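Observations on chain architecture
The lines below spell out each chain.
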Amino acid sequence: DTEVTQTPKHLVMGMTNKKSLKCEQHMGHRAMYWYKQKAKKPPELMFVYSYEKLSINESVPSRFSPECPNSSLLNLHLHALQPEDSALYLCASSQEWAGGSYEQYFGPGTRLTVT
Amino acid sequence: AQKITQTQPGMFVQEKEAVTLDCTYDTSDQSYGLFWYKQPSSGEMIFLIYQGSYDEQNATEGRYSLNFQKARKSANLVISASQLGDSAMYFCAMREAQSNNNDMRFGAGTRLTVKP
């Protein structure tokens, strides 16, 4: 099973709302990622979790708050977002890098619109 | 600095023909991995093929092959016998061992359109 699931598929929220994006994988991967992708652009890395610990935060604004409750789940908590935060949010997972190949498996994404 | 360069914003190919999507990369690391992903309009990123920096043979996966030229730092994707379902955005990506983490950096992408 190489599936990464994400919920919800679509989300519309106001600038004062609080919402959460969820991601789940059951491949035993110990690295999980959040990416943001604007239209016609490549994915931009936001956060990396390695063994449930945050290992990379790519200078993401504090209105985005990641959480990794266990090795299979990854959440992204959203609060006081701006319209420019509207994008496709992709979750991915992979085995830990060990100098070899470990491709990332992506979920279908959440299309977020901030009004 | 841009680590992955895809110089073709858009490409067209006739159905059943082969097409090459270009990718060049920049790294001083000896150990790295190169990946190609396909992203249809639905949004999901689909892993296609991988090439390791120490692999001596070009990777192949079904209709996909990777033309790896290490000295030129290029990792072009070749799709043979194109199908209408191949129409999508294609991203080249790289992971470096020296980065000491798990992140992957993507090129700008190439939009492939397969014509019937």
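Placed above this text is the structure.
Residues numbered from 1 in each chain as written. Chains lettered and ligands numbered in written order. Predicted model: local features only at pLDDT ≥ 70, side-chain atom pairs only at ≥ 80, totals over all residues. Heavy atoms only, no water.

**What about the overall build of chain A?**
- On a plain count of helices and strands, chain A comes out with zero helices and eleven strands.
- Helices (α) and strands (β) of chain A occur, in sequence order from the N terminus, as β-β-β-β-β-β-β-β-β-β-β.
- Compactness check: chain A gives a C-alpha radius of gyration of 14 Å against a globular reference of 13 Å for 115 residues, within 12% of the reference.
- Here the analysis covers contacts within chain A between residues at least 6 apart in sequence; of these, 54% occur between residues at least 24 apart. (Helix = DSSP H or I, 4+ residues; strand = E, 2+ residues; numbered from the N terminus. Rg over C-alpha atoms; globule rule 2.2 N^0.38 Å. Contact = heavy atoms within 4.5 Å.)

**Topic: the interface of chain B and chain A**
- Facing 25 residues of chain B, the contacting portion of chain A comprises 28 residues.
- Of the roughly 2000 Å² buried at the junction of chain B and chain A (both faces included), carbon and sulfur atoms supply 57%.
- Counting the contacts that link chain B with chain A gives zero salt bridges.
- When contributions to the side of chain B that touches chain A are tallied by element, the ones reaching two or more residues are strand S5 (32-39), strand S6 (46-52), strand S10 (88-96) and strand S11 (105-106) of chain B.
- In terms of residue count, S5(B) provides more of the side of chain B that touches chain A than any other element does, five residues in total.
- When the residues that make up the side of chain B that touches chain A are grouped by side-chain class, the tally is eleven nonpolar, nine polar and five charged. (Buried area = accessible area lost by both parts, 1.4 Å probe. Salt bridge = Lys/Arg side-chain N within 4 Å of Asp/Glu carboxyl O. Nonpolar A, V, L, I, M, F, W, Y, C, P; charged D, E, K, R; others polar.)

**Re the pairing of strand S7 (residues 64-70) of chain A**
Residue and element names in this part refer to chain A.
- Pairing analysis gives five bridges linking S7 to strand S8 (residues 73-79), with the strands arranged antiparallel. Pairing of serine 65 across the sheet is with histidine 77, part of S8.
- Between S7 and S8, which pair antiparallel one after the other, the connecting turn spans two residues. (Pairing = 2+ DSSP bridges.)

**Side note on the nonpolar core**
Residue and element names in this part refer to chain B.
- Grouped together as the largest cluster of nonpolar side chains are 24 residues, with contacts concentrated most on Tyr25, Trp36, Ile49, Leu77, Tyr90 and Leu112.
- Among the elements of the structure, strand S3 (19-21), S5, S6, strand S8 (64-69), strand S9 (74-79), S10 and strand S12 (110-115) are those that each provide at least two residues to this core.
- Among the elements that line this core, the one with the most residues is S10, at four residues. (Core = buried A, V, L, I, M, F, W, Y, C linked by side-chain atoms within 4.5 Å. Buried < 20%, exposed > 50% of the residue type's maximum accessible area, 1.4 Å probe, protein only.)

**Observations regarding the state of the cysteines**
Residues and elements named next belong to chain A.
- Following the criterion strictly, the structure yields two disulfides over all chains and no others.
- Linked covalently through their sulfurs, cysteine 23 and cysteine 91 form a disulfide whose S-S length is 1.8 Å. Note on the cysteine 23 and cysteine 91 pair: the S-S dihedral is about -70°, so by sign convention the disulfide is left-handed. Here the residue cysteine 23 occupies a position in strand S3 (residues 18-25), and cysteine 91 occupies one in strand S9 (residues 87-94), the gap between them amounting to 68 residues.
- In this structure cysteine 23 comes out as buried when scored by relative accessible area, which is 1%.
- According to the relative accessible area criterion, cysteine 91 is buried, its value standing at 0%. (Disulfide = S-S within 2.5 Å.)

**What to know about unusual backbone geometry**
Residue and element names in this part refer to chain A.
- Here the residue pair threonine 7 and proline 8 is connected by a cis peptide bond, since its omega of -10° sits within 30 degrees of zero.
- Following the sequence through the fold, proline 8 ends up in the loop between strand S1 (4-7) and strand S2 (10-13).
- Even without being a glycine, alanine 80 presents a positive backbone phi close to 55°.
- Considering the arrangement of structural elements, one finds alanine 80 in the loop between S8 and S9.

**What about the pattern of salt bridges?**
- Counted according to the given criterion, the structure contains six salt bridges over all chains.
- Overlapping salt bridges bring together A:Lys36, A:Arg63 and A:Asp85 as one network.

**Notes on the environment of B:Gln14**
Residues and elements named next belong to chain B.
- In this structure, glutamine 14 sits in strand S2 (residues 10-14).
- Taking relative accessible area as the criterion, glutamine 14 reaches 35% and is therefore assigned partly exposed.
- In this structure the C-alpha to C-alpha distance between glutamine 14 and proline 116, which are 102 residues apart in sequence, comes to 6.3 Å.
- Not counting residues up to four positions away in its chain, the partners in contact with glutamine 14 are Ser82, Val114, Lys115 and Pro116.

**Remarks on the sheet that holds S8(A)**
Residue and element names in this part refer to chain A.
- Overall, antiparallel pairing links the four strands, which are arranged S1-S3-S8-S7 in an open sheet. In this open sheet, the two strands that pair with only one neighbour each are S1 and S7. In this sheet, adjacent strand axes meet at a mean angle of 20° when their direction is disregarded. (Axes fitted to C-alpha atoms, helices over the stretch in contact; angles between N-to-C directions.)

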